[in-house]
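# Understanding the architecture of this molecule
One-letter residues, chain by chain:
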Amino acid sequence: MQNVKGTHDLLPLESANYDAITELFSNIATVFGYHSVNPPVIEHAELFSRNVGESSDIVRKEMYNFFDKGGRELALRPEFTAGIIRLIVQNKLYVNNELPLKYYYVGPVFRYDRPQLGRYRQFMQFGVESVGLSSPVNDAEIIAMSYSMLKTLGLNNIALKINTLGDDESRNNYREALKSYFTKYIDNMCEDCKQRLISNPLRILDCKVKEDQQYISNAPKISAYLSANAKARFEMLLNNLKTLNIPYEIDEGLVRGLDYYSDTVFEFHYTNSKGVNYGAIGGGGHYDKLVKQIGGPDMPGFGFSFGVERIYNTLNDEGLLPIKQEAIDIYVMPIGIENQIYGLKIANQLRMNGFLVDMCLEQCKIGNMFKRAEKKGAKFALIIGENEIKNNIVIIKNIASQEQQEIKQEDLLSYFINLTHSCHCHEYEGGDNCNHDNKDCCCHNKDVHQ
Ligand code: HAM
C-alpha cells in the first residue's frame, strides 16, 4: 500500500522539525498575546462553500466534501479561517472577552489541488486570527508578528507583498472597471476567467494561465479606484510598517484566492539560494464581513496562515532546519540482562527531570552499546553493571572527550543538573560557570542552556 496521492509521511527527523517550527510560531504568537484554539477537521461543507466563496478555486474544485452516514454534507477543512470564526460565533467568545480576540492554530488542511512542488492535498497550516478591531496598528502588529516568525527561523530573503482591496465602495467601482475591461478580451481567455468575469472579476487577476497574462498585465489597477478612506487607511498601514522597519513591496495584482477578503491583503514569498520558489509561504488579510455572515455581530477580522510544508522545504534547502540531527543527552547501558531494571529506574529518574534518555533494552556487548550511543548522538553513556549496583555507583562516560568517572547514584541527578547549568551566556569562555551573581544573568535561566 502507498500513501494517498498528494499526501506525505513525516519521518522522525522531519516530524521533529515540523514540531520545532510550529512550536516556535506558537511561542511567538503567545508572546504577542494570542491563544491557541483547535476547531475540528470536519465541518459542514456549507461553512466553506458560503463563506470562502463560490467563485474560489478552493470551493469550486478543491474541496474534499462528502455525505456522512447520516446524510450530512461535510468537508475536510480546506482552510482554518471560516472554522475559527464559526468557533468564535458558536461559543459567543466576543461577549465577555476584550476585543480583539486573538487566536492561533495549527493543523492539517485538505485541498484537492494538483500535486506538484510545494503543493499537497494534505498540508499543515499555522495561522492567527484577530477578530473585533479594525485598526492599521492591529494590521501592522500581525504583519510584524508573521515577519518575525520567519526571521526567527533564519529566513532573510523574505519578500512581503502587500495590497489593498479597499472598502465596499472601492471594490464595487473596481469590479465594474475590470468587467468592462475584460469583456473586450474574454473570448480569448481561459474557461475559468470566463466564469470569474461573471462571479467575481477580481479573481481574474489571480489567473496563472500564461496566455492570459498579456490581458491581465494591462488591466486597470485598484489604486485608481480607492475611496479616500481606503487610501488613507492603506497609507497609514504602510507608514506603520516603515516605522517597524518591515520591508514590503506593493503588488497591485495581489487579490488572494479566497472571496472573503477586503482592505489589506498580503503574502510572503521566498526564493531560496537554489532559485526555487515554492509559491507563497504564507498569506492573509482582512475579512470584514465574515463574522456577520457566519451569524455573529458585525465585526472585522484580520489574520494569516503559513504553509508549513513550504516553510520546511525552504529551510531544508537553505540548511536552516532547526534540528539537524536528533540527539539524546544520555544513553544508559546496563551490563547484563539482570541489571536492566536498575538501568530503567535510573533512566526514568533522569527522564522525569527533563533529560533526554534512551537505554539499551537488549543484552548487548558493551562495544555495541557504545556504537548505539554514538549513533543516537548521546553526550554521555551511563554504565551500570553488577559491581556498580552493589556499590551504589554508576560510571559516566563523556562520549566526546572519552573521559570516564564514577559517581554515587544519589549524586547522579545533581551532577547532570549542574552540568546543564554551566554557563552558555555571552561571557562564557570555555569550561566553567561564569562568576555572575546577578540572578538576571542568562546563566540563571535554565531555558537558555542546551
Ligand atoms: P491561503 O493563501 O489559501 O490562505 O493558504 C495559506 C498558505 O497555505 C499559503 O500561503 C501556502 O503557503 C499554503 N498552501 C496553500 N495551498 C497549499 C498546498 N496545496 N500545498 C501546500 N501548501 C499550501 C488561507 O488559507 C487563509 N485562510 C489565510 C488567512 C487567515 N487569511 C486570513 N486569515
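Residues numbered from 1 in each chain as written. Predicted model: local features only at pLDDT ≥ 70, side-chain atom pairs only at ≥ 80, totals over all residues. Heavy atoms only, no water.

As a further point, take the sheet that holds strand β14 (residues 380-384). Strand order in the open sheet formed by five strands is β13-β12-β14-β15-β16, and the pairing between neighbours is mixed. Of all the strands in the sheet, just β13 (357-359) and β16 (404-408) have a single pairing partner and so form its edges. Each adjacent strand pair in this sheet contributes to an overall mean axis angle of 25 degrees, direction not counted. Alignment of strand β12 (residues 330-334) against β14, held across five bridges, turns out to be parallel. When the bridges of β14 are listed, Ile-330 appears paired with Phe-380. (Pairing = 2+ DSSP bridges. Helix = DSSP H or I, 4+ residues; strand = E, 2+ residues; numbered from the N terminus. Axes fitted to C-alpha atoms, helices over the stretch in contact; angles between N-to-C directions.)

This next bit is on the site of the ligand. Every one of the 27 residues lining the ligand counts as a neighbour, but Glu-79, Thr-81, Tyr-120, Tyr-261 and Ala-280 are closest to it. A distance of 3.1 Å separates an oxygen atom of the ligand from a polar atom in the side chain of Gln-125. Mapped onto the shell around the ligand, the elements with two or more residues apiece are β6 (122-131), β10 (282-287) and β11 (301-307). If you tally residues by element for the shell around the ligand, the top one is β10, at five residues. Grouping the constituent residues of the shell around the ligand by class yields ten nonpolar, ten polar and seven charged. (Near = heavy atom within 4 Å. Polar contact = N/O pair within 3.5 Å; in protein donor to acceptor, adjacent residues only side chain to side chain. Nonpolar A, V, L, I, M, F, W, Y, C, P; charged D, E, K, R; others polar.)

Right, let's talk about a nonpolar patch on the surface for a bit. A grouping of Val-41, Ile-42 and Phe-66 is seen on the molecular surface, where their side chains present a nonpolar patch of about 220 Å² in accessible area. Mapped onto the secondary structure, Ile-42 falls in strand β2 (residues 42-44). (Patch = residues over 30% accessible without salt bridge, like charges linked within 9 Å, V, L, I, M, F, W, Y side chains within 5 Å. Areas by Shrake-Rupley, 256 points an atom, 1.4 Å probe, with all protein chains shown as cover. Salt bridge = Lys/Arg side-chain N within 4 Å of Asp/Glu carboxyl O.)

Per the counting criterion, the structure on display carries 20 aromatic pairs. Ring centres of Phe-266 and Phe-268 lie 5.8 Å apart, and the angle between their planes is 85 degrees; this geometry places the pair in the edge-to-face category. Residue Phe-268 is classed as buried on the basis of its relative accessible area, which comes to 0%. Ring pairing ties together the aromatic residues Phe-25, Tyr-104, Phe-126, Phe-266, Phe-268, Phe-302, Phe-304 and Phe-306, which thus form one cluster. Positioned over the ring face of Tyr-112 is Arg-121, at 3.8 Å from the centre of the ring. Taking NZ or CZ as reference, Lys-397 lies 4.8 Å from the ring centre of Phe-370, over its face. (Phe/Tyr/Trp six-rings, centres within 6.5 Å; stacked < 30°, edge-to-face > 60°. Buried < 20%, exposed > 50% of the residue type's maximum accessible area, 1.4 Å probe, protein only. Lys NZ or Arg CZ within 6 Å of the ring centre and 35° of its normal.)

Attention now goes to the confidence of the model for the protein chain. When the pLDDT values of the protein chain are averaged, the result is 92; 93% of them are 70 or greater. Low confidence marks residues 426-432, where pLDDT is under 50. Its contacts with residues over four positions away, or in another chain, come to three contacts. Throughout residues 438-450 the model reports pLDDT below 50, and contacts reaching past four residues in sequence, or to other chains, amount to 24 contacts. (pLDDT = per-residue confidence, 0-100. Contact = heavy atoms within 4.5 Å.)

Time to look at the environment of Glu-410. Tracing the backbone shows Glu-410 in the loop between β16 and α16 (412-420). Take Glu-410: its relative accessible area is 60%, and that puts it in the exposed class. Spatially, the C-alpha atoms of Glu-410 and Ile-393 are 8.2 Å apart, while their sequence positions differ by 17 residues.

Time to look at the pairing of β14. Burial analysis of β14 places five of its five residues in the buried class, which makes it a mostly covered element. Judged by which residues are buried, β14 turns out to be covered on both faces: Phe-380, Leu-382 and Ile-384 on one side and Ala-381 and Ile-383 on the other are all buried.

It is worth spelling out the pairing of β6 at this point. Of all ten residues that make up β6, nine are buried, and the element is covered over most of its length. Pairing analysis gives ten bridges linking strand β5 (residues 101-110) to β6, with the strands arranged antiparallel. Bridged to Tyr-105 within β6 is Gly-127. Note that β6 and β11 share seven bridges and pair antiparallel. Bridging across to β11, Ser-130 finds its partner in Phe-302.

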